[in-house]
Amino acid sequence: MSSDEDITTYRSRPAMAVGVLLIAVGVWMVIDTLIRGDGDTKWLAIAVVVFFAILVVALTLRSAVLVGPERLVIRNPFRTIVVPWGAVERVRAEYSIEVRADDRSFYIWAIPVSLRERKRALRQQGRAAAEDPYGRGGVHDLPQLSHADQVVDDLRGMSEQFAKASTGPVQVRWSPEILGGLAVSGVASVLLGLL
């Protein structure tokens, strides 16, 4: 990416809130286990909590979409996909947000598509159209889109705007810190469980 000032980040605020809450519960469980636990049971409980804490971080806090004038970065729980704007073929949202590039589909985990939120936005649009059938209202009177549909509109606009400015292949990289942490804590849990 070019500079931090040009980068826009999209995330799910509810997922982040749930992630922080679950991490707080995990920290409380580890502290309680260190104080009250004894022997191998204490270390097994800590290994299991660490395994699930890493999983929670991957599924809630890590997921994000970073966009700038050069590329789109999709950071999913276990891998990161870097897509230059020139490689983007299509962006759409049905049950999840899909970015089509290099004849492959990549799905965005960070922004869930809420059918309930989409229906609410459509009802608001219908109500606004009924109240103002000739479209005389101001721009500020336009009903809002669902969060996922707004993100799709933003990504489509940036794709059109920056398509010629940046080209190149799509890069997919697995997340070694998440996968490694899960492997180590999972193996530790199994070994401690067998003792």
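Residues numbered from 1 in each chain as written. Predicted model: local features only at pLDDT ≥ 70, side-chain atom pairs only at ≥ 80, totals over all residues. Heavy atoms only, no water.

## Regarding the overall build of the protein chain
Line of reasoning, step 1. A tally of regular secondary structure across the protein chain gives five helices and eight strands.
Line of reasoning, step 2. From first element to last, N terminus to C terminus, the protein chain shows the α and β order β-α-α-β-β-β-β-β-β-α-α-β-α.
Line of reasoning, step 3. Counting across all 195 residues of the protein chain, residues that qualify as buried make up 33%.
Line of reasoning, step 4. When the accessible surface of the protein chain is totalled, it reaches about 12,000 Å², and 60% of it is carbon and sulfur. (Helix = DSSP H or I, 4+ residues; strand = E, 2+ residues; numbered from the N terminus. Buried < 20%, exposed > 50% of the residue type's maximum accessible area, 1.4 Å probe, protein only. Areas by Shrake-Rupley, 256 points an atom, 1.4 Å probe, with all protein chains shown as cover.)

## Here we look at the pairing of strand β6 (residues 97–101)
Within a regular strand, the side chains alternate between the two sheet faces.
Line of reasoning, step 1. Counting buried positions along β6 gives four out of five residues, so the element sits mostly inside the fold.
Line of reasoning, step 2. Bridge count for strand β5 (residues 88–93) against β6 is five bridges, and the pairing is antiparallel. Residue Arg-90 lies in a different strand from β6, and its bridge partner there is Arg-100.
Line of reasoning, step 3. Hairpin connection of β5 to β6: three residues between the antiparallel strands.
Line of reasoning, step 4. Bridge count between β6 and strand β7 (residues 104–108): five bridges; the pairing is antiparallel. (Pairing = 2+ DSSP bridges.)

## A closer look at helix α1 (residues 13–36)
Line of reasoning, step 1. Over its 24 residues, α1 extends 34 Å from the first C-alpha to the last, a length consistent with the 34 Å expected when each residue adds 1.5 Å.
Line of reasoning, step 2. Every buried residue of α1 is accounted for by Gly-19, Gly-26 and Thr-33.
Line of reasoning, step 3. Where the residues of α1 are buried, they touch α2 (39–61). (Expected span 1.5 Å × (residues − 1). Contact = heavy atoms within 4.5 Å.)

## What to know about the sheet that holds β5
Line of reasoning, step 1. Sheet architecture is open: three strands sit in the order β5-β6-β7, paired in antiparallel fashion. What marks the edges here is a single partner per strand, and that holds for β5 and β7. Between one strand axis and the next, the sheet turns through 20° on average, direction left out of account.
Line of reasoning, step 2. On the sheet, helix α4 (residues 147–162) packs against β5, β6 and β7 and is oriented at approximately 165° with respect to β5. (Axes fitted to C-alpha atoms, helices over the stretch in contact; angles between N-to-C directions.)

## Things to note about the nonpolar core
Line of reasoning, step 1. Counting residues in each nonpolar core, the largest one holds 27 residues, and the members touching the most others are Leu-72, Ile-97 and Ile-108.
Line of reasoning, step 2. Of all the secondary-structure elements, those providing two or more residues to this core are β2 (64–67), β3 (71–75), β4 (79–84), β5, β6, β7 and α4.
Line of reasoning, step 3. It is α4 that contributes the most residues to this core, six residues altogether.
Line of reasoning, step 4. Once you skip the residues sitting within four places of it in the chain, Leu-72 turns out to touch Val-65, Leu-66, Val-67, Ile-81, Val-82, Val-83, Trp-85, Val-99 and Leu-155. (Core = buried A, V, L, I, M, F, W, Y, C linked by side-chain atoms within 4.5 Å.)

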